Amino acid sequence: MKCKQDIGMKRKVSIITPCLNSEKTIRDTIESVLNQTYKNIEYIIVDGLSTDRTLDIVKEYEPLFQGRMRYISERDHGIYNAMNKGIRMSGGELIGIINSDDHYEADAVETAVKHMSSAQCQVIYGYMGVLKGSILKYIATENHENLKNKMIPHPTCFVTRQIYQKYGLYLEWFKVAADYELMLRLFGKDDVVFTQVKKVQAYFKLGGTSSNDKYDLEREIARVMHGGLSVGGFLKKALIFEIQKSQI
């Protein structure tokens, strides 16, 4: 009779990294996937035609994955278009997305798999270390129960394939907050189970795409779409945002 851990190790997990001109950071990202304690992983890198040494670094690591890495390099239409390409390429039962300036804890995938239940539609996520350079600034511990006000740490999220099959992929007309919109789309659905892992699963570096001011505006649009904010409330926030921006 096989133990529960042996059965769990059979679950295939897909990890996706979208990237563009990431030569300064992607090595840490790739190594964090390569060195996972859980080995039944396929790794998919979606490059947006980098002009620096990003692809050279990817090719350097490809043999170390022993057939478990695939990559493409072609023009895309933003980070969520790249993520969607990776999801369509993937074959795992559980899917994680880690950007090219972030990285996982060594046991992140193993921990996520251990927290899977029998439910088809699951979002498993954990705590996230937020870095400024190499310095840990704080630990993000946002919980899904407060999703209508604040996003859970997306680099820590692992989502079952059935989620994307039933509820769709990232909305590509969002530029920086489609991950938040997706989680709001899932929140409150009777068949979607959110599970928080109460430990650090990944590290996020400040200064990336989602750190800019546009995120605040897109976040409010997502909240309006899913009932977390009235249209009037959004217009008021948008006006304040524009006034503050004009005063900088």
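These figures come from a predicted structure and were not determined experimentally. (Residues numbered from 1 in each chain as written. Predicted model: local features only at pLDDT ≥ 70, side-chain atom pairs only at ≥ 80, totals over all residues. Heavy atoms only, no water.)

Considering the nonpolar core
- Membership of the largest hydrophobic core comes to 35 residues, with the highest contact counts inside it found for Val-123, Ile-152, Tyr-164, Tyr-170, Met-183, Leu-186 and Phe-194.
- Listed by contribution, the elements that provide at least two residues to this core are strand 2 (41-47), helix 4 (79-89), strand 4 (94-97), strand 6 (121-132), helix 6 (161-167), helix 7 (178-186), strand 9 (192-205) and helix 8 (214-225).
- By residue number, the principal contributor to this core is helix 7, which donates six residues.
- When residues no more than four places from it in sequence are discounted, the contact partners of Tyr-164 are Ile-87, Ile-95, Ile-97, Val-159, Leu-169, Tyr-170 and Leu-182.
- One finds Ile-26, Ile-41, Phe-65 and Ala-202 within the second-largest nonpolar core, a separate group that totals 28 residues. (Core = buried A, V, L, I, M, F, W, Y, C linked by side-chain atoms within 4.5 Å. Buried < 20%, exposed > 50% of the residue type's maximum accessible area, 1.4 Å probe, protein only. Helix = DSSP H or I, 4+ residues; strand = E, 2+ residues; numbered from the N terminus. Contact = heavy atoms within 4.5 Å.)

Remarks on the confidence of the model for the protein chain
- With 85% of its residues at a pLDDT of at least 70, the protein chain reaches an overall mean of 89.
- Long-range and interchain partners of residues 1-5, a stretch whose pLDDT sits below 50, account for three contacts in this model, where long-range means more than four residues apart.
- Ignoring residues within four places in sequence, the model shows residues 239-248, a span with pLDDT below 50, making two contacts including any to other chains. (pLDDT = per-residue confidence, 0-100.)

Brief notes about unusual backbone geometry
- With a phi angle near 70°, Leu-49 is a residue other than glycine that sits in the positive phi range.
- Even without being a glycine, Gln-66 presents a positive backbone phi close to 50°.
- Residue position: Gln-66 is located in the loop between helix 3 (54-61) and strand 3 (69-73).
- The exposed category is assigned to Gln-66, whose relative accessible area is 72%.

Looking at the pattern of salt bridges
- All told, the structure shown has 13 salt bridges when counted by the stated rule.
- Residues Arg-27 and Glu-60 are paired through a salt bridge, measuring 2.9 Å at the closest nitrogen-oxygen approach. Linking Arg-27 in helix 2 (residues 26-34) with Glu-60 in helix 3, this pair joins segments that are 33 residues apart in sequence.
- A salt bridge links Glu-181 to Arg-185, with the nearest nitrogen and oxygen atoms 2.5 Å apart. (Salt bridge = Lys/Arg side-chain N within 4 Å of Asp/Glu carboxyl O.)

Here's the deal with the packing of helix 2 against helix 3
- Where helix 2 contacts helix 3, the two axes come as close as 10 Å, and the packing angle between them is 20°. The orientation of helix 2 with respect to helix 3, classified from their angle, is roughly parallel. Relative to helix 3, helix 2 is oriented so that their crossing is right-handed. Between helix 2 and helix 3, the contacting residues are Ile-26, Arg-27, Ile-30, Glu-31 and Leu-34 on the first element and Thr-54, Ile-57, Val-58, Glu-60 and Tyr-61 on the second.
- Class assignment of the residues belonging to the contact of helix 2 with helix 3 gives a composition of six nonpolar, one polar and three charged. (Axes fitted to C-alpha atoms, helices over the stretch in contact; angles between N-to-C directions. Parallel < 35°, antiparallel > 145°, perpendicular 65-115°, else oblique. Left-handed = near helix turned anticlockwise from the far one by under 90°. Nonpolar A, V, L, I, M, F, W, Y, C, P; charged D, E, K, R; others polar.)

Examining the pairing of strand 1 (residues 13-19)
- The element strand 1 is extensively covered by neighbouring structure, given that seven of its seven residues are classed as buried.
- Burial of the side chains of strand 1 extends over both faces: Val-13, Ile-15, Thr-17 and Cys-19 are buried on one face and Ser-14, Ile-16 and Pro-18 on the other.
- Where strand 1 and strand 2 come together, seven bridges link them in parallel fashion. Considered in strand 2, the bridge of Ile-15 is made with Tyr-43.
- Where the polypeptide runs from strand 1 across helix 2 and back to strand 2, its parallel neighbour, the crossover connection is right-handed.
- Note that strand 1 and strand 4 share four bridges and pair parallel. Paired with Ile-16 across the two strands is Ile-97, which belongs to strand 4. (Pairing = 2+ DSSP bridges. Right-handed = clockwise from strand over helix to strand, strands pointing away.)

Considering the packing of aromatic side chains
- Applying the stated rule across the entire model yields six aromatic pairs.
- Note on Tyr-104 and Phe-158: the rings are 5.6 Å apart at their centroids and 20° apart in plane angle, and the pair reads as stacked. Of the two residues, Tyr-104 sits in strand 5 (residues 103-104) while Phe-158 sits in strand 8 (residues 158-160), which places them 54 residues apart along the sequence. In terms of burial, Tyr-104 and Phe-158 fall into one category: buried.
- Note on Phe-187 and Phe-194: the rings are 6.2 Å apart at their centroids and 75° apart in plane angle, and the pair reads as edge-to-face.
- Feature note: the residues Tyr-80, Tyr-164 and Tyr-170 constitute an aromatic cluster, connected by ring pairs. (Phe/Tyr/Trp six-rings, centres within 6.5 Å; stacked < 30°, edge-to-face > 60°.)

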